[in-house]
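# Results of the structural survey
Here is what each chain is made of, one letter per residue.
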Amino acid sequence: MVAADRISNLHEEVIHHIMSFLSFSEAIRISVLSKRLNSVWRTFPLPVIEFDQELFEENRKQPLDEMLDSVSERNIQKMSRFSGYTEDFLRRRGPDSFLRKFKLRTHCVFDVDRCVDYALENRVQELDIRSDKEENFSSLGRIVSINPEVFAAKSIRVLKLSGLELGIQNLILTDSLIEELSINHCDSLETVRIFSDKLLFFELRCGPRLLDIEIDSPNLQSLTFDGGDEPTEEFREIYLGVLESLKSLSLRNAEIVIDLWIKENLSKLISLENLSIEGRQDSSNVQISHPRLKNFEFLNCTEEVDLELVTPNLVSLWYSGILPSSIRLTSTSTQCEARISLTSISSTIACFVALKWVLSRFRDCKLVNLEFKEQVVFPEELKERWFAPMVALKHLRVEFEKCSCSWSHVEVVAMLLQLSVCPNTLSIVQRSISQDPAEMIIKFNYSKKVAEPEDKAPSAK
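Residues numbered from 1 in each chain as written. Predicted model: local features only at pLDDT ≥ 70, side-chain atom pairs only at ≥ 80, totals over all residues. Heavy atoms only, no water.

### Focus: the pairing of strand β4 (residues 158–162)
For a regular strand, side-chain orientation follows a simple rule: the groups alternate between the two sheet faces. The element β4 is extensively covered by neighbouring structure, given that 4 of its 5 residues are classed as buried. Looking at chain direction, strand β3 (residues 126–131) and β4 are connected through 5 bridges and run parallel. Across the sheet, R130 pairs through a bridge with S162, a residue of β4. Strand direction decides the pairing type here: β4 and strand β6 (residues 180–184), joined by 5 bridges, are parallel. Bridging across to β6, V158 finds its partner in E180. (Buried < 20%, exposed > 50% of the residue type's maximum accessible area, 1.4 Å probe, protein only. Helix = DSSP H or I, 4+ residues; strand = E, 2+ residues; numbered from the N terminus. Pairing = 2+ DSSP bridges.)

Listed below in structure tokens is the structure:
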């Protein structure tokens, strides 16, 4: 006896309500159980449509792949399956008036424009298209292009594109309604010019071909630029207009003359609170002067640099790289927490004397986290010539790989106490390749010395 199909006979609103408790993939699966469910599925409001090729392959049994000897043949089958799946899905769907987000993640070639057209026809607000670079699919090529008219779509508020061929070399964004824009590894771009009043968040990660960038968006709040790991043949030109609303700026491998760039642009960023500079840029003398800056990072510095900060509201400072020539902190808040990560340090007396001078600049900080990324050898002669560079520091945390000198643990603690004479806490982290980091935390309690009462002179009778 065949069981009755009770669900298919329910009202459309009731079936929609049942589908709302299912995941995206589960709702798709039940739509093929009957013509009635398939018809109801076409009108089921979907706020989010997401295609992920990696998850699609993981959820399928692939006996055909095991029969194919060629990697190329297997990848063609994967490409064909995923392309057919997405095409069939979009064909069976009706207009999606509730569609808010459309997301596609793939690593093979198929008709991306079909997906984009469907999203734009249904006035999608967030469009996320990502092509993952996968070595096994290199012989099949990558997603060829995406229609550049997507930048002018009236409905889109969030646009994220990654690993795509945009089909253009020069991107000019003017009257766009996009509020959040992310362009990652779309390597055809050579120039980018952004003049949009609506843009609030902009993320740009590119290859070495992009050399000319101009951004003048008065309402922009966050800007992230990453020049990639491949160096350029010449310095980039990155021009910023008067970005009065910008609060966060991150530059990684920007390939710019950083000291000149800061002089030309930093004063125009009157609301800036977070600044991160990392990787390749020409820098020898960097001066940061900003009344509202709260967080500053200067990371992966491979050349000696003179760093001067005039930042009265700074609460967090992170420096990583080789030992800087000098660091000068002027008008820095006593609530500032500093992190100093040194990639290498010589075991010479001169190097440790220079380290002592650099550390003395942080004597008024609330917390200092000192990290040694490589093996540290403390010179024996240092004991006689070291004096506390951070007298007023209350919280000190030191990390190192391995102390290879003959000092005992007591002597190491004694030496570190000479960095800060009267700390409230002293934390020592020793890292090892074969073991988890071992941390020792020492807390200090200080009692006030009570003056003894002076002997009273005998009263005269």
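### Description of the packing of aromatic side chains
Counted according to the given criterion, the structure contains 6 aromatic pairs. A centroid spacing of 5.8 Å and a plane angle of 65° characterise the contact between F51 and F102, whose relative ring orientation is edge-to-face. Of the two residues, F51 is situated in strand β1 (residues 48–52) and F102 in strand β2 (residues 101–106); the sequence distance between them amounts to 51 residues. Among the residues examined, F51 registers a relative accessible area of 1% and is labelled buried. (Phe/Tyr/Trp six-rings, centres within 6.5 Å; stacked < 30°, edge-to-face > 60°.)

### Some points on a nonpolar patch on the surface
Taken together, the side chains of I7, L10, V14 and I18 define a hydrophobic patch exposed on the protein surface, amounting to about 280 Å² of accessible area. Relative to the helices and strands, I18 resides in helix α1 (residues 12–19). (Patch = residues over 30% accessible without salt bridge, like charges linked within 9 Å, V, L, I, M, F, W, Y side chains within 5 Å. Areas by Shrake-Rupley, 256 points an atom, 1.4 Å probe, with all protein chains shown as cover. Salt bridge = Lys/Arg side-chain N within 4 Å of Asp/Glu carboxyl O.)

### Examining the confidence of the model for the chain
For the chain, per-residue confidence averages 81 on the pLDDT scale, and 84% of positions sit at 70 or higher. Mean pLDDT per element in the chain: helix α5 (residues 63–67) is the minimum at 47, and strand β10 (residues 222–226) is the maximum at 97. This stretch, residues 64–71, has a pLDDT under 50; its non-local contacts, to residues over four places away or in other chains, come to 9 contacts. In this model, residues 134–143 is a region of pLDDT below 50 whose contacts with residues beyond four sequence positions or in other chains number 25 contacts. (pLDDT = per-residue confidence, 0-100. Contact = heavy atoms within 4.5 Å.)

### Thoughts on the nonpolar core
Residues F102, L127, F151, L166, F202, F296 and F362 are the most contacted members of the largest nonpolar core, which totals 116 residues. When neighbours within four sequence positions are excluded, L127 is seen to be in contact with F102, V116, A119, V150, I156, V158, L159 and K160. (Core = buried A, V, L, I, M, F, W, Y, C linked by side-chain atoms within 4.5 Å.)

### What to know about the pairing of strand β14 (residues 285–289)
Burial along β14 is one-sided: V286 and I288 are buried, and none of N285, Q287 and S289, which face the opposite way, are. Of the pairings in the sheet, the one linking β14 to strand β16 (residues 306–310) comprises 5 bridges and is parallel in character. Bridge pairing in β16 places V286 opposite L307.

### Considering the packing of α1 against helix α3 (residues 35–43)
Packed helices, taken two at a time, are described by the angle their axes make and the gap between the axes. α3 packs onto α1 with a crossing angle of 75° between their chain directions and a minimal axis gap of 10 Å. Taken as axis vectors, α1 and α3 run roughly perpendicular relative to one another. Contacts between α1 and α3 involve E12, I15, H16 and M19 from the former and R36, L37, V40, W41 and T43 from the latter. (Axes fitted to C-alpha atoms, helices over the stretch in contact; angles between N-to-C directions. Parallel < 35°, antiparallel > 145°, perpendicular 65-115°, else oblique.)

### Focus: the sheet that holds β16
Overall, parallel pairing links the 3 strands, which are arranged β14-β16-β18 in an open sheet. If you trace the sheet from one side to the other, it starts and ends with β14 and β18 (326–330), each paired once. Looking at each pair of strands side by side, their axes are set apart by 5° on average, direction ignored.

### Notes on unusual backbone geometry
Here the phi dihedral of H185 falls at roughly 55°; this positive angle occurs in a residue that is not glycine. Checked against the element boundaries, H185 lands in the loop between β6 and β7 (191–194). Even without being glycine, N253 reaches a positive phi, approximately 50°. Turning to its location among the elements, N253 is positioned in the loop between β12 (248–252) and α8 (258–265).

### Some words on the sheet that holds strand β5 (residues 170–173)
As summarised here, the arrangement of the 4 strands in space is β5-β7-β9-β11, forming an open sheet in which the pairing is parallel. Looking at the sheet topology across the chains shown, the edges are occupied by β5 and β11 (237–240). Sheet twist, expressed as the mean angle between neighbouring strand axes with direction ignored, is 5°.

### Some thoughts on the environment of E337
Assignment of secondary structure puts E337 in strand β19 (residues 337–342). Since its relative accessible area comes to 35%, E337 is described here as partly exposed. Measuring from C-alpha to C-alpha, the distance between E337 and K366 comes to 5.5 Å, with 29 residues separating the pair along the chain. Leaving out residues up to four positions away in the same chain, E337 has contacts with V315, S316, L317, K366 and L367.

### Let's talk about the pattern of salt bridges
Counting across every chain of the model gives 18 salt bridges. One salt bridge in this structure joins E87 and R114, with 3.8 Å as the shortest N-O distance. Of this pair, E87 sits in helix α6 (residues 71–92) while R114 sits in helix α7 (residues 112–121), and the two are 27 residues apart along the sequence. When the shortest N-O distance is used, the salt bridge between E273 and R292 registers 3.9 Å. Of this pair, E273 sits in the loop between α8 and β13 (274–278) while R292 is found in the loop between β14 and β15 (295–301), placing the two residues 19 residues apart along the sequence. Residue R292 is classed as partly exposed on the basis of its relative accessible area of 40%. Put simply, E203, R205, D226, D229, R252 and E278 are held in one network by salt bridges that share partners.

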